[in-house]
Amino acid sequence: MGLPNIREIMHAHCRFRLRSGREVYGVVWEVEANEECRLYFASIGEYERARRDSRRPMEVVAMMPEDIIVAERLAS
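What you see is a predicted model; the values in this text were computed from it and never measured.

**Q** Please clarify how the side chain of Arg 15 should be interpreted in this entry.
**A** Inspection of the secondary structure puts Arg 15 in strand 1 (residues 14–18). Residue Arg 15 is classed as buried on the basis of its relative accessible area, which comes to 18%. A distance of 2.8 Å separates polar atoms of two side chains, one belonging to Arg 15 and the other to Glu 23. Separated by 2.5 Å, the side chains of Arg 15 and Glu 72 make a polar contact. With near-sequence residues (within four places) excluded, Arg 15 lies in contact with Glu 23, Val 24, Tyr 25, Val 70, Ala 71, Glu 72 and Leu 74.

Given below as structure tokens:
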């Protein structure tokens, strides 16, 4: 999909079709650390719980932009 296109749907609830063939629902966002940007994914529920309580650890999955084939925004 490419990072410029992914930036349009960051922090939005989406349905993702991955290169592996899996379909997952969740949120992606970018984190910059040590002058390097990384993309992370979490389920919608996990993402919302972390937003309500920032002290709660969040289970995330590191992703590569090229792993995302299709992204469909579920909420505006």
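Structure shown, so let's carry the discussion forward.
**Q** Quick question: what am I supposed to make of the pattern of salt bridges here?
**A** Note that side chains of opposite charge can pair when their charged atoms are close. Counting across every chain of the model gives 10 salt bridges. Two residues, Arg 51 and Glu 48, come together in a salt bridge whose shortest N-O distance is 3.5 Å. On the criterion of helical spacing, the pair formed by Arg 51 and Glu 48 is a turn pair, its members being three residues apart in helix 2 (residues 44–52). Judged by relative accessible area, which is 56%, Arg 51 ranks as exposed. Here the residues in one salt-bridge network are Arg 15, Arg 17, Glu 23 and Glu 72, joined through shared partners.

Rules of the game
- Residues numbered from 1 in each chain as written.
- Predicted model: local features only at pLDDT ≥ 70, side-chain atom pairs only at ≥ 80, totals over all residues.
- Heavy atoms only, no water.
- Helix = DSSP H or I, 4+ residues; strand = E, 2+ residues; numbered from the N terminus.
- Buried < 20%, exposed > 50% of the residue type's maximum accessible area, 1.4 Å probe, protein only.
- Polar contact = N/O pair within 3.5 Å; in protein donor to acceptor, adjacent residues only side chain to side chain.
- Contact = heavy atoms within 4.5 Å.
- Salt bridge = Lys/Arg side-chain N within 4 Å of Asp/Glu carboxyl O.

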